[in-house]
Amino acid sequence: MTARSLQSGAPAGERAATTPSLWARIWHNDAPGYLFLLPWLIGFLGLTIGPMITSFYLSFTDFDLLTSPDWVGANNYIRMFSNDPKFWASMRVTMFFVVFSVPLKLAFALAVAMLLNRGIRGLPLYRALFYLPSLLGASVAIAILWRQIFASDGLINKLLAMVGIMGPSWISNPKTSLWTLIILSIWQFGSPMIIFLAGLRQIPQDMYEAASLDGASKWRQFVKITLPLLTPVVFFNAIIQTIEAFKSFTPAFIISGGTGNPINSTLFYTLYLYQEAFGFFRMGYASALAWVLLALVSVFTAFSFLTSKYWVHYDE
Amino acid sequence: MSDASARLTVVTGAVSPTRKRITTILVHVALLAASICMLYPLLWLLAASFRPENEIFTSASIIPSSWSLDSYIRGWNGLRTGFGTFYLNSFIISGLSVIGNVMACSMAAYAFARLEFRGKNFWFAMMLMTLMLPYQVTLIPQYVLFRQLGWVNTFLPLVVPKFLAADGFFIFLMVQFFRGLPKELDEAAQMDGCSPWRIYWKIILPLSTPVLATAAIFTFIWTWDDFFGPLIYLSEMKSYTVMLGLRTFTDSTGESDFGGLFAMSVLSLVPIFLFFLFFQRMLIEGIATTGMKR
């Protein structure tokens, strides 16, 4: 303030600024911020908050897009939980997918990051190679490739045949179909790996030197130094990957041809929601499904944050 | 004293140079094996797209016995509308998305990182909340809204949200970067009578090319890859994106023409791969810095 009045050398202007009208003050203080925020604000109100409220309302209605919504109370939710085997099937599939794909992917990512963090030569090349599947993996093309790899006459079975094993048809067997999607997810461990690598670099090297002078084994160093100091990164990765896993859609859609078959074994929650909304035009029911998904993700996130103070190590 | 030094030699002696060397070699072997496993499917796809049709499913090798472009020619014209149209559509949508996202997100990020206004913390918290929101919750009303506006079957539902900074991730990315720029620059400019707009345009943006480029590249790749948006909003084949075209290929001719399908799959990955080739450093740093909460 003083610097500015000295600079301009106009105390009159300063005095005027202390007694302007309310509107002038708002214009001067708040308007620039809101003008810059305007596009986001319009989007936030018009494409996020407004639709959220509408969606919540629609979840209590029957709505087929052509006639106006019919209020049905909590019927959608009641039907979902008490009388919809497909809902439970999709819930099981999604939970199974999240519970297996996320920890395995993170374990892989951490293991490779630790190998890369040994100061080896060629780090940028390895890092890039491992990252490539993450970048390409979300594509329809990769889902198509996966469908061919695990088909009955696909690549995996061809390799197995070379060692004399007759492989099953991985995609059309309900016992293995979901695992092909889990493997696809693990294959894309590159981006959490990069985040782990950045986290590992923050750990002071002298901690390991001190520990090995004290005769601590590599495993003990990992459990007592690496893992605790890395928990913020583990926490971050786990949250991001879990939310991503809940939202996953394209691979299951492509690999099952949009059906979620065989026997609903790849019927991801998002796929079921898509079918209800854009296959059967049950928009009310689909909205209710969306709110249950949001509740699920929120409970998970809240649980992670609440428990984080017991296991996430924050360095002050 | 002598006891301690003895222990010291024991400890350092345990990691002899030869043993260290063996470990390094083993690490390289493990990493190389893992790289090959990771890349094998991609290389196989690439090889399959150049194989003569009758050889595609008989070979697991990644080197075709003879090279042929037949699959590409067949695939390119395999649908009623050619892939050329799909490419053009994808480029238009991705290009516009990049422009919209970089503009709108950098403006919002500048407001959050540099300007003071009432309610800033509240809006920032709201922005962070949208990062965790599953898009399904807003999906149906957005669809209804865009339908009422007559936007279904146009690119607008896919592009307009980008001009409204709908993807908070990029705002977050830019806020992190802008906060790292020295504040003295703004203050000096402000004393010289620069408006916030000029500071944003003449100082912040020119200094932020790394983060703007990262955001642009990620926006391009994610929009290019997007399947769900085009799936629900584009129903006429002439407005299809490459990803939708590929999916239609699997439905109609895909079961008989794997060569064409593979060739088009490879082509659909080319733009992403080029970004990877030329900008991988930027992409990797972008991921690493957003991962670190600072």
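Worth saying up front: this structure is predicted, and the values here are computed from it rather than measured.

Rules used in this analysis
- Residues numbered from 1 in each chain as written.
- Chains lettered and ligands numbered in written order.
- Predicted model: local features only at pLDDT ≥ 70, side-chain atom pairs only at ≥ 80, totals over all residues.
- Heavy atoms only, no water.
- Helix = DSSP H or I, 4+ residues; strand = E, 2+ residues; numbered from the N terminus.
- Rg over C-alpha atoms; globule rule 2.2 N^0.38 Å.
- Buried < 20%, exposed > 50% of the residue type's maximum accessible area, 1.4 Å probe, protein only.
- Contact = heavy atoms within 4.5 Å.
- Lys, Arg positive; Asp, Glu negative; His and termini not counted.
- Charge placed at Lys NZ, Arg CZ, Asp CG, Glu CD.
- Buried area = accessible area lost by both parts, 1.4 Å probe.
- Salt bridge = Lys/Arg side-chain N within 4 Å of Asp/Glu carboxyl O.
- Polar contact = N/O pair within 3.5 Å; in protein donor to acceptor, adjacent residues only side chain to side chain.
- Nonpolar A, V, L, I, M, F, W, Y, C, P; charged D, E, K, R; others polar.
- pLDDT = per-residue confidence, 0-100.
- Domains from an automatic or database assignment.
- Axes fitted to C-alpha atoms, helices over the stretch in contact; angles between N-to-C directions.
- Parallel < 35°, antiparallel > 145°, perpendicular 65-115°, else oblique.
- Left-handed = near helix turned anticlockwise from the far one by under 90°.
- Phe/Tyr/Trp six-rings, centres within 6.5 Å; stacked < 30°, edge-to-face > 60°.
- Lys NZ or Arg CZ within 6 Å of the ring centre and 35° of its normal.

**Quick look at the overall build of chain B**
Okay, so step 1: From N to C terminus, chain B includes 14 helices and zero strands.
Okay, so step 2: Element order for chain B, N to C, with α for helix and β for strand: α-α-α-α-α-α-α-α-α-α-α-α-α-α.
Okay, so step 3: In terms of C-alpha radius of gyration, chain B reaches 26 Å, well past the compact-globule figure of 19 Å for 294 residues.
Okay, so step 4: In terms of overall dimensions, chain B has C-alpha extents of about 75 × 70 × 35 Å along its principal axes.

**Focus: the overall build of chain A**
Okay, so step 1: For chain A, the helix and strand inventory stands at 16 helices and two strands.
Okay, so step 2: Radius of gyration (C-alpha) of chain A: 27 Å, far over the 20 Å computed for a compact globule of 316 residues.
Okay, so step 3: Per-residue burial for chain A yields a buried fraction of 51% across its 316 residues.
Okay, so step 4: Restricting the contact set of chain A to residue pairs at least 6 apart, pairs at least 24 apart contribute 67%.
Okay, so step 5: Taken together, the 20 basic and 14 acidic charged side chains of chain A have centroids lying 8 Å from each other.

**Quick word on the interface of chain A and chain B**
Okay, so step 1: Taken together, the contacts link 95 residues of chain A with 94 residues of chain B.
Okay, so step 2: Across the chain A/chain B interface, buried area totals approximately 8,400 Å², and carbon plus sulfur atoms make up 78% of it.
Okay, so step 3: By the criterion of area lost to chain B, the three top residues of chain A are A:Phe36, A:Trp40 and A:Leu47, representing 10% of everything that side buries.
Okay, so step 4: Counting across the chain A and chain B interface gives one salt bridge.
Okay, so step 5: Note that B:Arg118 is salt-bridged to A:Asp30, the shortest N-O span being 2.7 Å.
Okay, so step 6: Applying the counting rule to chain A against chain B returns eight residue pairs in polar contact (both at pLDDT 80 or more).
Okay, so step 7: Split by residue class, the side of chain A that touches chain B holds 67 nonpolar, 18 polar and 10 charged.

**Some points on the confidence of the model for chain B**
The predicted coordinates ought not to be read in detail in places where the model reports low pLDDT.
Residue and element names in this part refer to chain B.
Okay, so step 1: Scored by pLDDT, chain B has a mean of 84; 90% of the residues are at 70 or more.
Okay, so step 2: Below pLDDT 50 for its whole length, residues 1-13 participates in five contacts with residues either more than four positions away or in separate chains.
Okay, so step 3: Of the two predicted TM-score estimates for the complex, the pTM is 0.86 and the ipTM is 0.84.

**Points about the pattern of salt bridges**
Okay, so step 1: The final tally for this structure, using the stated rule, is five salt bridges over all chains.
Okay, so step 2: Two residues, A:Arg282 and A:Glu276, come together in a salt bridge whose shortest N-O distance is 2.7 Å.
Okay, so step 3: Note that B:Arg114 is salt-bridged to B:Asp186, the shortest N-O span being 2.6 Å. One end of the pair, B:Arg114, is in helix H4 (residues 83-114); the other, B:Asp186, is in helix H9 (residues 183-191), with 72 residues separating them in the sequence.

**Some remarks on the side chain of B:Ser71**
Okay, so step 1: Take B:Ser71: it is sitting in helix H3 (residues 70-76).
Okay, so step 2: In this structure B:Ser71 comes out as buried when scored by relative accessible area, which is 1%.

**Concerning the domain arrangement of chain A**
All names here are of chain A.
Okay, so step 1: Domain annotation for chain A reports domain 1 (12-58) and domain 2 (76-311).
Okay, so step 2: Taking only C-alpha atoms into account, the centre of domain 1 sits 40 Å from that of domain 2.
Okay, so step 3: Facing the four residues of domain 1 at the interface are five residues of domain 2.
Okay, so step 4: Counting the surface lost from both domain 1 and domain 2, the interface buries some 420 Å², and carbon and sulfur atoms represent 61% of this.
Okay, so step 5: Of all residues in domain 1, Ser55, Phe56 and Leu58 give up the largest surface area on contact with domain 2, accounting jointly for 79% of the area buried on that side.
Okay, so step 6: The tally of links from domain 1 across to domain 2 stands at zero salt bridges.
Okay, so step 7: Our count for the contact surface shared by domain 1 and domain 2 stands at one residue pair in polar contact (both at pLDDT 80 or more).
Okay, so step 8: Split by residue class, the side of domain 1 that touches domain 2 holds three nonpolar, one polar and no charged.

**Some thoughts on unusual backbone geometry**
All names here are of chain A.
Okay, so step 1: Despite not being glycine, Leu65 has its phi angle at roughly 80 degrees, a positive value.
Okay, so step 2: Within the secondary structure layout, Leu65 lies in the loop between strand E1 (61-62) and strand E2 (70-71).
Okay, so step 3: For Leu65, a relative accessible area of 11% translates into the label buried.

**Side note on the packing of helix H7 (residues 123-136) of chain A against helix H2 (residues 17-50) of chain B**
Okay, so step 1: Closest axis-to-axis distance for the H7(A)/H2(B) pair is 10 Å, and the angle between their directions is 30 degrees. The pairing of H7(A) with H2(B) is recorded here as roughly parallel in orientation. Along this stretch, H7(A) crosses H2(B), giving a crossing that reads as left-handed. On the side of H7(A), the interface is formed by A:Tyr126, A:Leu129, A:Phe130, A:Leu132, A:Pro133 and A:Leu136, while H2(B) contributes B:His28, B:Leu31, B:Leu32, B:Ala34, B:Ser35, B:Met38, B:Leu39 and B:Leu42.

**Some points on the domain arrangement of chain B**
Residue and element names in this part refer to chain B.
Okay, so step 1: Domain boundaries in chain B define domain 1 (2-68) and domain 2 (77-291).
Okay, so step 2: Centre-to-centre, using C-alpha coordinates, domain 1 lies 35 Å away from domain 2.
Okay, so step 3: Across the contact, eight residues belong to domain 1 and eight residues belong to domain 2.
Okay, so step 4: Summed over both partners, the interface of domain 1 with domain 2 comes to about 650 Å²; 82% of that surface belongs to carbon and sulfur atoms.
Okay, so step 5: Between domain 1 and domain 2 we count zero salt bridges in total.

**Considering the packing of aromatic side chains**
Aromatic rings in a pair are described by how distant their centres are and how their planes are angled relative to each other.
Okay, so step 1: Evaluation of the coordinates by the stated rule reveals 67 aromatic pairs over all chains.
Okay, so step 2: Seen in terms of ring centroids, A:Phe150 and A:Trp170 are 6.5 Å apart; in terms of plane orientation they differ by 80 degrees. Their pairing is edge-to-face. Placement of the pair is A:Phe150 in the loop between helix H8 (140-149) and helix H9 (155-162) and A:Trp170 in the loop between H9 and helix H10 (177-187), with a sequence separation of 20 residues.
Okay, so step 3: Each residue in the set A:Phe249, A:Phe253, A:Tyr274, A:Phe278, B:Tyr135, B:Tyr143, B:Phe146, B:Trp151, B:Phe227, B:Phe228 and B:Tyr233 is aromatic and connected to the rest through ring pairs, giving one cluster.
Okay, so step 4: The ring of A:Phe280 carries the charged tip of A:Arg282 above its face, separated from the ring centre by 4.6 Å.

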